[in-house]
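# Overview (structure and organization)
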Amino acid sequence: MAATKEEIVSGLAEIVNEVAGVPTEDVQLDKSFIDDLDVDSLSMVEVVVAAEERFDVKIPDDDVKNLKTVGDAVEYILSHQG
Amino acid sequence: MNATSRTVVVTGLGATTPLGGDASSTWEALLAGRSGADKLPEELFGELPVRIGAPAKVEPTEVLPRVQARKLDRSAQFALIAAREAWADAGFTGPAGSVPEGASEPEAVPTRVAAVVGTGIGGVTTLLGQYDNLKNSGPRKVSPHTVPMLMPNSPAANVGLEVNAKVAAHTTVSACASGAEAIGYALDIIRAGRADVVICGGTEAAIHPLPLAAFANMMALSKRNDEPELASRPFDAGRDGFLLGEGAGILVLESAEHAARRGARVYAEIAGSGVSADSHHIAQPDPTGSGVERALRAAMEDAGMTAEDIDHVNPHATSTPLGDTAEAQALHRVLGERASAIPVSATKSMTGHTLGAAGAIEAVFTVLALHERLAPPTINLDEVDADVDLDIVVDEPRKLADGPLGALSNSFGFGGANVVLAIRTA
């Protein structure tokens, strides 16, 4: 069953917490991974791989650069999840 | 001491070793003659011919913040922990360039600070762990942090980042001489006027079944699987190879002028270094010890020391049958009759052999021995090898004389690398 928007946000928050140590409550839709959440370009790959596994979605490398904010990632996953 | 820009002193010490999570607890355990040896976990090492080692006393992941630790190979974790200790011990309150409260200038200028950290093997546990990920879960599960974690210059780069060193982040790689070579190179950098402060040393984290099997198949390791604490026995007639240890040793070296200007506490002077290559065999030591002899003579000449100036030796002495005797004989040729009367502390009897960290950890010991005027003991010396005629300090630490003291710290590596550091009281 596809994840809801709320489930995706909280799932991403757990992933970002694991990768970058940012408190889960700070992971909000308008936050930028790189500028606000201490996720550098290498750690972003970790976030993407963990999200792919968790939400049964493929995020090709070419699409990763468009995922600037948590909101971008949530929308992408919502519309691509299997 | 005549403090010129060519005089290089030690102002900070840090270590994490099989004996303790910092320099002072390590030193305390060393003086007490404790062994850092242990049996290795059965589930990982049970099939191996050698199932003993000297693991770090304190797990680095329990010291570093989780998010930082997960992006660092274990060798870089050790280096960073020891570097933080050494930097703070030197009296720096923040990274180079930061201005302490109430001061008008930084304690050190980033463009006058360098980092030199050696390793023998580099991020081998990262490499092997990520290979397991590749095989078991496919290429997508190989961490994007793999390369910056496993590259051999990762410890130097991370230490450099930590203290904001902008002159350079160098890595010396000469197997078990790497840590000593880093200190020798740091000495050169300050003498050449390239930097005022160099944070330097060595690190290693290779207690993993693959390196252990490889060293065992070279016949390099002790097989005393049932008595790990008796396995490392340098100069003893019953020695049968080394005990694999892990950890890091880091020193802050500084021009005497710079140290004096900021009123830093000085432990000792790094008076000289000597380097040579055996050019004999890729892994076996030259049984004549001629390369070792040349490195010893070079270090003493560089320091302006004669045999009369040497009051303490921390030998390489790993507990291998060939190496220990060749080293003892080389010491005799260089130091003459005095070789039989200088207190020698074979500290690998307690730490095991920490490979690329060993030269730096032992430099920390040698500096402390001079500063505290106390030579640590050697353990497990039940019957001295008939070919070894040295005054080895056994069981209890021995008081060193008052007045100026000089010491040598030896480190030799596979590939025929020999590095000797000459150290004296400041």
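Not measured: the values here are computed from a predicted model.

## As for the interface of chain A and chain B
Taken together, the 16 residues of chain A in the interface contact 10 residues of chain B. Counting the surface chain A buries against chain B, the share from its top three residues, L42, E46 and V49 of chain A, is 42%. The interface formed by chain A and chain B includes 6 salt bridges. With a closest N to O distance of 3.8 Å, R70 of chain B and E18 of chain A form a salt bridge.

## Describing the nonpolar core
Residues and elements named next belong to chain B. Membership of the largest hydrophobic core comes to 47 residues, with the highest contact counts inside it found for I183, V198, L251 and L253. Here this core gets 9 residues from one element, more than from any other, and that element is helix α14 (residues 358-372). Residues lining this core come from more than one domain, with at least three contributed by each of domain 1 (8-268) and domain 2 (272-425). Beyond its immediate sequence surroundings of up to four residues, V198 is in contact with A114, A115, V116, A186, I189, I190, L251, V252 and L253. Within the second largest apolar cluster, 30 residues are counted, among which are V292, M300, A307 and L381.

## Quick word on the confidence of the model for chain B
Residues and elements named next belong to chain B. Mean pLDDT over chain B stands at 97; residues scoring 70 or higher make up 99%. When pLDDT is averaged over each element of chain B, strand β7 (residues 247-255) comes out on top at 99 and helix α3 (residues 66-69) at the bottom at 95. Among the prediction metrics, the complex's ipTM stands at 0.92, with pTM recorded as 0.97.

## Observations concerning the UniProt feature "modified residue: O-(pantetheine 4'-phosphoryl)serine" (unreviewed entry) in chain A
Following the UniProt record, the feature "modified residue: O-(pantetheine 4'-phosphoryl)serine" (unreviewed entry) maps to S41 of chain A here. With relative accessibility at 53%, the residue S41 of chain A sits in the exposed group.

## Considerations on the packing of aromatic side chains
The description of an aromatic ring pair rests on the distance of the ring centres and on the angle between the ring planes. Residues and elements named next belong to chain B. As enumerated under the stated definition, the model contains 3 aromatic pairs over all chains in all. Both rings, one in W87 and one in F92, keep their centres 4.1 Å apart while their planes meet at 20°; by these two values the pair is stacked. For the residue pair W87 and F92, the accessibility class agrees, reading buried in each case. Relative to F414, the ring of F215 lies with its centre 6.3 Å away and its plane at 40°, an arrangement referred to as tilted. With F215 in helix α9 (residues 209-217) and F414 in the loop between β14 (406-413) and β15 (417-424), this residue pair connects regions lying 199 residues apart in the sequence. For F215, a relative accessible area of 9% corresponds to the buried category. Among the aromatic residues, those joined into a cluster by ring pairs are F215, F242 and F414. The positively charged end of R262 is found above the aromatic ring belonging to F92, 3.9 Å away from the centroid.

## Quick word on the UniProt feature "active site" (unreviewed entry) in chain B
Residues and elements named next belong to chain B. In this structure's numbering, the residues bearing the UniProt feature "active site" (unreviewed entry) are C176. Tracing the sequence through the fold places C176 in the loop between β5 (168-170) and α8 (178-191). Under the relative-accessibility criterion, C176 is labelled buried at 7%. Beyond its immediate sequence surroundings of up to four residues, C176 is in contact with H316, H353, L355, G356, S411, F412 and G413.

## Section: the domain arrangement of chain B
All names here are of chain B. Per the domain assignment, the segments of chain B are domain 1 (8-268) and domain 2 (272-425). Placing the centre of domain 1 and that of domain 2 at their C-alpha centroids yields a distance of 21 Å. The contact between domain 1 and domain 2 buries some 4800 Å² in all, and 70% of this surface belongs to carbon and sulfur atoms. On the surface where domain 1 and domain 2 come into contact, there are 4 salt bridges.

## Digging into unusual backbone geometry
All names here are of chain B. One non-glycine residue with positive phi stands out, namely A175, at about 50°. Mapped onto the elements, A175 comes out in the loop between β5 and α8. Despite not being glycine, R373 has its phi angle at roughly 55°, a positive value. With respect to the element layout, R373 can be found in the loop between α14 and β11 (374-375).

## Examining the side chain of S174 of chain B
Residues and elements named next belong to chain B. By the element assignment, S174 lies in the loop between β5 and α8. You can call S174 buried: its relative accessible area is 10%. Apart from residues no more than four positions distant in its own chain, S174 is found in contact with E181, G413 and A417.

## Some points on the pairing of strand β1 (residues 8-16) of chain B
Within a regular strand, side chains alternate between the sheet's two faces. Residues and elements named next belong to chain B. Counted residue by residue, β1 has 9 buried out of 9 residues, so it is predominantly covered. Pairing analysis gives 8 bridges linking β1 to β7, with the strands arranged antiparallel. Following the sheet pairing, L13 is matched in β7 by L251. Where β1 meets strand β8 (residues 268-277), 3 bridges bridge the pair, whose relative direction is antiparallel. Bridged to V8 within β8 is I270.

Thresholds, definitions, all that
- Residues numbered from 1 in each chain as written.
- Chains lettered and ligands numbered in written order.
- Predicted model: local features only at pLDDT ≥ 70, side-chain atom pairs only at ≥ 80, totals over all residues.
- Heavy atoms only, no water.
- Contact = heavy atoms within 4.5 Å.
- Buried area = accessible area lost by both parts, 1.4 Å probe.
- Salt bridge = Lys/Arg side-chain N within 4 Å of Asp/Glu carboxyl O.
- Core = buried A, V, L, I, M, F, W, Y, C linked by side-chain atoms within 4.5 Å.
- Buried < 20%, exposed > 50% of the residue type's maximum accessible area, 1.4 Å probe, protein only.
- Helix = DSSP H or I, 4+ residues; strand = E, 2+ residues; numbered from the N terminus.
- Domains from an automatic or database assignment.
- pLDDT = per-residue confidence, 0-100.
- UniProt positions renumbered as here; feature names shortened; annotations may be inferred.
- Phe/Tyr/Trp six-rings, centres within 6.5 Å; stacked < 30°, edge-to-face > 60°.
- Lys NZ or Arg CZ within 6 Å of the ring centre and 35° of its normal.
- Pairing = 2+ DSSP bridges.

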